[in-house]
Amino acid sequence: MTDAAIDVKGLVKTYPKGVRALDGVSFDVAAGSVFGLLGPNGAGKSTTVKILTTLSRPDQGEAVVAGIDVLRRPDRVRRAIGCVAQNSGVDVQATGRENMLLQGRLYGMGGRVLEQRVDTLLERFGLAEAARRVTRTYSGGMQRKLDVALGLVHRPEVLFLDEPTTGLDPEARADMWSEIERLTGEEGLTILLTTHYLEEADRLARRLAIVDQGKIVAQGSPDELKSELHGDAVHIELDAPEANGRVAAALAPLSEVHDVVVEHGRLLHARTDNGARAVPVMLQALEAQGLPVVSVTVARPSLDDVYLMHTGRRFEQADAATEVTR
Amino acid sequence: MTALRHTFYLTVRQLRNFLRQPWYVALTLAQPIIWLLLFGALFKKIVEIPGFTTTSYITFLTPGVVVMSAMFAGGWSGMGVIDDLDRGVMDRFLVAPTSRGAVMLGRIAPQVLTTLIQTVIIIVLALFVGGRFTGGVGGVVMLIVVSALLSVSFGSLSNGLALLLRKEESVIAAVNFVLLPLTFLSSAFLQQNLAPQWIQDIARYNPANWAIVAGRTALTSGASSGTVVAHTLYLLAFAVVCTWLATRAFRAYQRSV
């Protein structure tokens, strides 16, 4: 565990009113790598970040960040980490530069060293021109970049990025992705990234953990997680409500089809080693049970499929469901 | 040392942000001037009531307006806390090694500074429209001290309320339903012995009235210094209790994150 930049064991956190945000979360992050926490809204990602950045305390469990015990020495952890919270932390009445200077001063920096660091970062994030403008006038993407720059002023060892691209338009998101990719290559920075975008985790994280309802349901590199799935995903839309029983009857005899999940009684997801060979057989079997098929899709494994396998729900739906209840 | 440095940085931030809103600055300055001139004109003849011991209503009213402005400046300060909470600025400061004391002090200090400037402006204006303060510079300094104590007290309460409830409505309600009545349950506009007995009874326990009595007494030469000292001590105690409560609210906020 010595070279782990983040080491988390058995975090439990219950909020007042009995909401269990974390239910035994454990993971570790190798120094100098990007680790992704992937999960829908309300899964416990932000709570984990708040605990690791000393904002919040867990009811149970231990956490070590940059070799420092988070619960015993929060003051020392704060010096070693940078944090970009989900909720932007930009002071909108101050200019970009003023935001950066104050941030550096709170970390005990000052003088020429701070000024140079601030100018370098503003330059690097493409904010040099806007540096003397009040940040209220910044676009969402610019504010988010300033957030990341704020997290880097004091050269932290570990950077926390809590949903850095949520709410950004596709262009700003792509921009942010290349910034994050550049960061990982430099300064040996360790990054913990939370996201509810599968493609973001897939692209940026060397390893990731899928979080669902306060628990980690799967952990590994994106490729490892996908290869656990063996072969292709087959998605079939049926024109028959409440078809669960008949689907099971139709597909059970087919040995090459596995991990069958039926959503809403009419969306069928299954895995098979060879989609092209299995699909005709599956269609035949479904027709034989009197189940008309509306559409068929065969896809290479995605993280969405990984999520589906471990939680029994498709990712976007879990996300949308919590979106509504928030 | 760190706490002091951080308080300074955060104070600079507050003042700079404040000065960036010219309309807000103008209103903050205009409000007490309007009180002074409007009430001064409206109740000009009030000093003719038998038993009123001064002959100039402006002289009588000035400390009341100063104290009232300080109290309201304090009362509204929770709005800034809510803004920082909503925008994630508070959490950013807390994740950084910011001195915890400075997070609170960095709001109180600029308020004291604003009170000081406001007081000087009101006094100067009052002198122009005929106020006479025989207590001299010493009296004005005492008025600033008690106003600052009151501003710190209500500022702390307002910040504490903001941290606990995190809703602008709560601060607005507190200002309207607590501070406004407190202004009228005092000797700000009318000499106490001319007010109904029940108001006099309540005013005795009203911190705003302590500040007005202390300030007004200090502005008058040859007045009882015992009254000034006693009321200033009450205010000091009140300020200590309020800042303690705000610190408790701040801890409660940190636990609830």
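Basis of the calculations
- Starting afresh in each chain, residues are numbered from 1 along the sequence in its written order.
- For this description, chains carry letters from A and ligands carry numbers from 1, given in the order in which they are written.
- The predicted origin of the model limits local features to residues at a pLDDT of at least 70 and limits the giving and counting of side-chain atom pairs to 80 or more, whereas totals for whole chains, interfaces and linings rest on all residues.
- The numbering of helices and of strands both runs from the N terminus, where a helix is a DSSP run of H or I of at least 4 residues and a strand a run of E of at least 2.
- The exposure label follows from counting other C-beta atoms within 10 Å of a residue's C-beta, where the C-beta atoms are placed from the backbone and the thresholds are 20 or more for buried and 12 or fewer for exposed, leaving partly exposed in between.
- Placing a C-beta atom from the backbone of each residue, one calls two residues in contact when those atoms lie within 7 Å.
- Radius of gyration: over C-alpha atoms. The globule rule applied is 2.2 Å multiplied by the number of residues raised to the 0.38 power.
- When DSSP locates at least two bridges between a pair of strands, those strands are taken to pair.
- Axis geometry follows a simple rule: fit a line to the C-alpha atoms, using only the stretch in contact for helices, then measure angles between N-to-C directions, giving values from 0 to 180 degrees.
- Think of it as three bins: nonpolar holds Ala, Val, Leu, Ile, Met, Phe, Trp, Tyr, Cys and Pro, charged holds Asp, Glu, Lys and Arg, and polar takes everything else, Gly as well.
- Domain limits in this description derive from either an automatic procedure or a database domain assignment.
- Note on terminology: a nonpolar core is a set of buried residues of type Ala, Val, Leu, Ile, Met, Phe, Trp, Tyr or Cys, with members joined through C-beta atoms within 7 Å.
- Confidence scores here are pLDDT values: one per residue, from the predictor, ranging 0 to 100.
- For classification purposes, an angle smaller than 35 degrees is called roughly parallel, one larger than 145 roughly antiparallel, one from 65 to 115 roughly perpendicular, and anything else oblique.
- Take the far helix as your reference; a near helix turned counterclockwise from it by less than a right angle gives a left-handed crossing, and one turned clockwise gives a right-handed crossing.
- Expected helix span is taken as 1.5 Å per residue step, with the number of steps being one fewer than the number of residues.

Enquirer: Before we go on, may I ask you to explain the overall build of chain A in this structure?
Expert: What chain A contains, in helices and strands, is twelve helices and 14 strands. Taking all 326 residues of chain A together, the buried fraction comes to 44%. Across chain A, every contact between residues at least 6 apart in sequence was considered, and the portion connecting residues at least 24 apart equals 68%.

Enquirer: Explain the overall build of chain B to me, please; I cannot follow it from the model alone.
Expert: Scanning chain B from N- to C-terminus turns up eleven helices and zero strands. The helix and strand sequence of chain B, counted from the amino end, reads α-α-α-α-α-α-α-α-α-α-α. In terms of overall size, chain B behaves like a compact globule, its C-alpha atoms giving a radius of gyration of 19 Å where 257 residues would be expected to give roughly 18 Å. By its C-alpha atoms, chain B is 60 × 35 × 35 Å across when sized along the principal axes. For chain B, the residues scored as buried account for 47% of the 257 residues in total. Sequence-distant contacts, at least 24 apart, represent 81% of the contacts inside chain B between residues at least 6 apart.

Enquirer: What is the right way to read the sheet that holds strand β10 (residues 215-220) of chain A from this model?
Expert: Across a sheet, strands are paired by hydrogen bonds formed along the backbone, either parallel or antiparallel in direction. All names here are of chain A. Read from one edge to the other, the open sheet built from six strands follows the order β6-β7-β8-β3-β9-β10, with strand pairing classed as mixed. Edge strands, defined here as strands with exactly one partner in the open sheet, are β6 (81-84) and β10. Across the sheet, the mean angle separating the axes of adjacent strands is 15 degrees when strand polarity is ignored. Lying on the sheet, helix α1 (residues 45-52) is in contact with β3 (34-38), β7 (158-162), β8 (190-195) and β9 (207-212); it crosses β7 at an angle near 150 degrees.

Enquirer: Please explain the pairing of β6 of chain A as it appears in this structure.
Expert: Every regular strand shows the same layout, with side chains that alternate between the two sheet faces. All names here are of chain A. Residues Ile81 and Cys83 of β6 are buried on one face, and the alternating residues Gly82 and Val84, pointing to the opposite face, are buried as well. As paired strands, β6 and β7 are joined by four bridges and run parallel to one another. What sits directly across from cysteine 83, in β7, is phenylalanine 160.

Enquirer: I tried to follow the interface of chain B and chain A on my own but got confused; where do I start?
Expert: Where the parts come together, the accessible area they lose is often given as the size of the interface. Across the boundary between the two partners, chain B contributes 17 residues, which contact 22 residues of chain A. If you list the elements that add at least two residues to the side of chain B that touches chain A, you get α1 (2-19) and α5 (89-95) of chain B. At six residues, α5 of chain B tops the list of elements feeding residues into the side of chain B that touches chain A. Grouping the amino acids of the side of chain B that touches chain A by side-chain chemistry returns eight nonpolar, four polar and five charged.

Enquirer: Please explain the domain arrangement of chain A as it appears in this structure.
Expert: Taken domain by domain, chain A consists of domain 1 (4-221) and domain 2 (230-300). If you average the C-alpha positions of domain 1 of chain A and of domain 2 of chain A, the two centres end up 41 Å apart.

Enquirer: Even after reading the chapter, I still don't get unusual backbone geometry, so can you show me in this structure?
Expert: For residues that are not glycine, phi is negative in most cases, and the peptide bond is trans in most cases. Residue and element names in this part refer to chain A. The residue arginine 155 is not glycine, and still its phi comes out positive at about 50 degrees. Relative to the assigned elements, arginine 155 resides in the loop between α5 (140-152) and β7. We classify arginine 155 as exposed; it has 12 C-beta atoms within 10 Å. A positive phi angle, close to 50 degrees, is found at glutamate 163, a residue other than glycine. One can find glutamate 163 in the loop between β7 and α6 (170-185).

Enquirer: Mind showing me how you'd approach the nonpolar core here?
Expert: Nonpolar side chains tend toward joint burial in soluble globular proteins. Ala149 of chain A together with Val67 and Leu150 of chain B are the most contacted members of the largest nonpolar core, which totals 139 residues. Broken down by element, this core gets its largest block of residues, 15 residues, from helix α7 (residues 136-165) of chain B. When near neighbours in sequence (up to four residues on either side) are disregarded, leucine 150 of chain B contacts Val67, Ala70, Met71, Gly74, Pro207, Ala208, Ala211 and Leu235 of chain B. Listed in part, the 16 residues of the second largest apolar core include Ala243, Val247, Ala250 and Leu268 of chain A.

Enquirer: Honestly, the sheet that holds strand β11 (residues 232-238) of chain A in this entry has me stumped. Any pointers?
Expert: All names here are of chain A. Spatially, the four strands line up as an open sheet ordered β12-β13-β11-β14, and their pairing is antiparallel. Only two strands of the sheet have a single neighbouring strand rather than two, namely β12 (257-263) and β14 (293-299). Averaged over all neighbouring strand pairs, the angle between strand axes comes to 15 degrees, with direction disregarded. By the bridge criterion, six bridges tie β11 to strand β13 (residues 267-272) in an arrangement that is antiparallel. Of the residues in β13, the one forming a bridge with valine 234 is alanine 270. Across the face of the sheet, helix α9 (residues 244-251) comes into contact with β12 and β13 while running at roughly 170 degrees to β12.

Enquirer: Any chance you could explain the confidence of the model for chain A here in plain terms?
Expert: It should be kept in mind that the predicted coordinates are not to be read in detail where pLDDT is low. Residue and element names in this part refer to chain A. Chain-level pLDDT for chain A is 88 on average; 95% of the residues reach the 70-or-more range. Across chain A, the secondary-structure element scoring lowest on mean pLDDT is helix α12 (residues 315-325), at 55, and the one scoring highest is helix α3 (residues 96-106), at 97. Overall, residues 322-326 carries pLDDT values under 50, and its contacts beyond four positions in sequence, including any with other chains, amount to six contacts.

Enquirer: Even after reading the chapter, I still don't get the packing of helix α2 (residues 22-42) of chain B against helix α3 (residues 57-76) of chain B, so can you show me in this structure?
Expert: Helices that pack against each other are described as a pair by the angle of their axes relative to one another and the distance between those axes. All names here are of chain B. Close contact between α2 and α3 brings their axes to 10 Å; oriented N to C, the two are set at 150 degrees. Taken together, the axis directions place α2 and α3 in an arrangement best described as roughly antiparallel. Along this stretch, α2 crosses α3, giving a crossing that reads as right-handed. Where α2 approaches α3, its residues Gln31, Pro32, Trp35, Leu36, Phe39 and Gly40 are matched on the opposing element by Tyr57, Ile58, Leu61, Thr62, Val65, Met68 and Ser69.

Enquirer: Where do I start with the packing of α3 of chain B against helix α6 (residues 100-128) of chain B in this structure?
Expert: All names here are of chain B. The N-to-C vectors of α3 and α6 enclose an angle of 160 degrees; their axes lie 10 Å apart at closest approach. If you check the angle between α3 and α6, you find them roughly antiparallel. Relative to α6, α3 is oriented so that their crossing is right-handed. Residue-level contacts link Ile58, Thr62, Val65, Val66, Ser69, Ala70, Ala73 and Gly74 of α3 to Gln111, Thr114, Thr115, Gln118, Thr119, Ile122, Ile123 and Ala126 of α6.

Enquirer: Explanation requested: helix α11 (residues 225-256) of chain B in the structure shown.
Expert: What sets the pattern is the α-helix's 3.6 residues per turn: residues three or four places apart point alike. Residues and elements named next belong to chain B. Over its 32 residues, α11 runs 46 Å from end to end, which matches the ideal 46 Å to within 8%, given 1.5 Å per residue. When we look at burial in α11, the residues that qualify are Val228, His231, Leu235, Phe238, Ala239, Cys242, Thr243, Ala246, Ala249 and Phe250. Each element contacted by the buried residues of α11 is listed here: α6, α7 and α10 (207-219).

Enquirer: I'm lost on the pairing of β3 of chain A in this one. Help?
Expert: All names here are of chain A. Where burial is concerned, most of β3 is hidden: five out of the five residues are buried. Sheet topology places β3 next to β8; five bridges connect them, and they run parallel. Paired with phenylalanine 35 across the strands is leucine 192, a residue of β8. Here four bridges tie β3 to β9, and the two strands are oriented parallel to one another. Bridge pairing links leucine 37 to alanine 209 in β9.

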